[in-house]
Amino acid sequence: MSEQIVLTGIKPTGTPHLGNYVGALKPLVEMAKTNKTFVFIADLHALNIIHDPKQIKQHTYEIAAILMALGLNLDNATLFRQSDIVQVSQLSTMLMNITPKGLMNRAHSYKAAVDKNIAAGVDTDAGINMGLYTYPILMAADILLYESDVVPVGADQKQHVEFARDIAGYFNHVYGDTFKLPEPVIGEDTGIIPGLDGRKMSKSYDNVIPLFAPASQLKKKIMRIITDSKLPSEPKNPDDSTIFQLYRHFASPDEIAALRTRFEQGGMGYGDAKQILFDKVNDVLSGPRSEYERLMSTPSEIDAILADGASRARVVAERTYNRVSRAMLG
Ligand code: ADP
Ligand code: TRP
């Protein structure tokens, strides 16, 4: 097993979909096969967007159950809820005091919110809460608290990991060597998974296929994928087809090559292609889906795993926080 400690957080802001599965959840489960990994559900980070506790709780259970159902190796991986470890909030408060305000002004997510306000002709900070503004500091606390080496993130999160490095550097400069400097690792490019309408599958576009939708609903969604109007007899370009782009993440190399040929040769209608896609996705996901459904109806099992994860995470969190507290407060 690699000695490097991997850490990542997943925000409970929506029901995970096939894009999240291919782009984030599946690679994470793979990585945890060979690495000591901290995986947490970033419920505190969801607070700047979701103000309904029921939704946060529901999505937290969904994410935990999904990772368990996908076979996350719980010997290597510590799976926990961010808010269960109070030291993360305490560390965040400490880090506030060495983080330059200018650094936060430069954060992409804050700047994007300001730009949107400017474009709408309203006050620059309209609708922006301090949770959004200080989001990178809480994220730095996550990363530094668990002494992580490697933080696998999507390209949109790279700046946050760089900020965590910067903040750790300022801290070490003032208070002496306290934090390890983490590295962002941009995950292997799985490409962007298209949604029902052909744009990036995203909860913001309302075009998603939920990862563990029951088979009947999965089929309905797949049948609704938008296609062009080519006749069954016509040759089709698989690389332009959402159906094929999804299929290639679930099928074997031989199966992918076979479907490619059927697209290119003509003679297959989109209805048939959708049926092939449904059969494959359903085949791959039906085992984990049953386990997911079982777990969701037995929340006490999820609670037990999260409690065990929290007690393991707390050992590291206390150690780091005590070091910081001694360095700053004596
Ligand atoms: P959404 O766009 O639905 O809001 P998030 O931004 O919460 O999704 O994404 C969570 C994780 O899932 C990120 O690591 C992101 O890279 C990955 N992800 C989301 N949508 C896709 C997609 N369509 N294709 C590949 N990866 C995706
Ligand atoms: N900000 C990340 C996202 O929006 C989630 C997250 C919170 C995270 N804390 C983290 C990711 C620490 C990596 C490390 O997806």
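Residues numbered from 1 in each chain as written. Chains lettered and ligands numbered in written order. Predicted model: local features only at pLDDT ≥ 70, side-chain atom pairs only at ≥ 80, totals over all residues. Heavy atoms only, no water.

Here we look at the overall build of the protein chain
This is how the line gets drawn: Helix and strand assignments come from DSSP, with helices taken as H or I runs of at least 4 residues and strands as E runs of at least 2, each series counted from the N terminus. With the radius of gyration taken over C-alpha atoms, the globule rule is written as 2.2 Å times the number of residues to the power 0.38. A simple rule labels every residue: compare its accessible area, found with a 1.4 Å probe on the protein chains alone, to the largest value its type can have, and call it buried under 20%, exposed over 50%, or partly exposed in between. In what follows, a contact means two residues having at least one pair of non-hydrogen atoms within 4.5 Å. To be clear on the numbers: accessible area is Shrake-Rupley with a 1.4 Å probe, and residue cover counts the displayed protein chains and nothing else. Under this rule, positive means Lys or Arg and negative means Asp or Glu; His and the chain ends count for nothing. For this purpose, a charge sits on NZ of Lys, CZ of Arg, CG of Asp or CD of Glu.
Helix and strand counts for the protein chain come out as 14 helices and 5 strands. For 330 residues, the compact-globule formula gives about 20 Å, and the C-alpha radius of gyration of the protein chain, at 22 Å, lands near that figure. Taken along its principal axes, the extent of the C-alpha atoms in the protein chain is 75 × 50 × 35 Å. Here the protein chain holds 330 residues, and 50% of them are scored as buried. Taking the contacts inside the protein chain whose residues are at least 6 apart along the sequence as the reference set, 77% of them involve residues at least 24 apart. Accessible surface, the protein chain as shown: approximately 15,700 Å² in total, 52% of it carbon and sulfur. One way to put it: in the protein chain the 35 positive side-chain charges average out to a point 2 Å from where the 38 negative ones average out.

Describing the packing of helix 4 (residues 86–96) against helix 8 (residues 135–145)
Going by this rule: An axis is simply a line fitted to the C-alpha atoms; with a helix, the fit covers only the stretch in contact. Between two such axes, the angle follows the N-to-C directions and lies from 0 to 180 degrees. By the definition used in this description, the sense in which the near helix is turned from the far one sets the handedness, with an anticlockwise turn below a right angle giving left-handed and a clockwise turn giving right-handed. In this count, Pro and Cys sit with the nonpolar residues alongside Ala, Val, Leu, Ile, Met, Phe, Trp and Tyr, while Asp, Glu, Lys and Arg are called charged and the others, Gly among them, polar.
Following both chains from N to C, one finds helix 4 and helix 8 inclined at 115 degrees, their axes separated by 8 Å at the closest point. Seen from above, helix 4 lies across helix 8 with right-handed handedness. Of the residues in helix 8, those touching helix 4 at Gln-87, Val-88, Leu-91, Ser-92, Leu-95 and Met-96 are Ile-137, Leu-138, Ala-140, Ala-141, Asp-142, Leu-144 and Leu-145. When its residues are assigned to classes, the contact of helix 4 with helix 8 shows 10 nonpolar, 2 polar and 1 charged.

Re the site of ligand 2
Cut-off, in case you're wondering: The nearness test applies per residue and asks whether one of its heavy atoms lies within 4 Å of the molecule or strand. Whenever a nitrogen or oxygen atom comes within 3.5 Å of another N or O atom, the pair is scored as a polar contact, on the condition that within protein one atom can donate a hydrogen and the other can accept it, and that pairs from neighbouring residues in sequence are kept only if both atoms are in side chains.
The environment of ligand 2 is made up of 14 residues, and the closest members are Lys-11, His-45, Tyr-135, Asp-142 and Gln-157. Between a nitrogen atom of ligand 2 and a side-chain N or O atom of Tyr-135, the distance comes to 2.6 Å. For ligand 2, whose unbound accessible area comes to 370 Å², protein coverage reaches 90%. Where the shell around ligand 2 is concerned, the elements lending two or more residues are strand 1 (2–10), helix 8 and strand 4 (150–153). Residues belonging to the shell around ligand 2 are distributed by class as follows: 8 nonpolar, 4 polar and 2 charged.

Details of the pattern of salt bridges
For the record, the criterion: Just to be clear on terms, a salt bridge is a Lys or Arg side-chain nitrogen sitting within 4 Å of an Asp or Glu carboxyl oxygen.
If you walk through the whole model with that rule in mind, you get 15 salt bridges. Across the salt bridge formed by Asp-239 and Arg-260, the nearest N and O atoms sit 2.9 Å from each other. Pair noted here: Asp-239 is in the loop between helix 10 (215–223) and helix 11 (242–247) and Arg-260 is in helix 12 (residues 253–265), with a separation of 21 residues, a long-range link. Here Glu-255 makes a salt bridge to Lys-280, at a shortest N to O gap of 3.1 Å. Of this pair, Glu-255 sits in helix 12 while Lys-280 is found in helix 13 (residues 270–296), placing the two residues 25 residues apart along the sequence. Look at Lys-280 and you get buried, because its relative accessible area is 14%. Ionic contacts of the salt-bridge type, sharing partners, join the residues Glu-147, Arg-319 and Arg-323 into one network.

Regarding the packing of helix 10 against helix 13
Between helix 10 and helix 13, whose axes approach to 10 Å, the crossing angle comes to 150 degrees. Handedness of the helix 10/helix 13 crossing: right-handed. Along its contact with helix 10, which presents Ala-215, Leu-218, Lys-219, Ile-222 and Met-223, the element helix 13 presents Gly-271, Lys-274, Gln-275, Leu-277, Phe-278, Val-281, Asn-282 and Arg-289. Of the residues belonging to the contact of helix 10 with helix 13, the class tally is 7 nonpolar, 3 polar and 3 charged.

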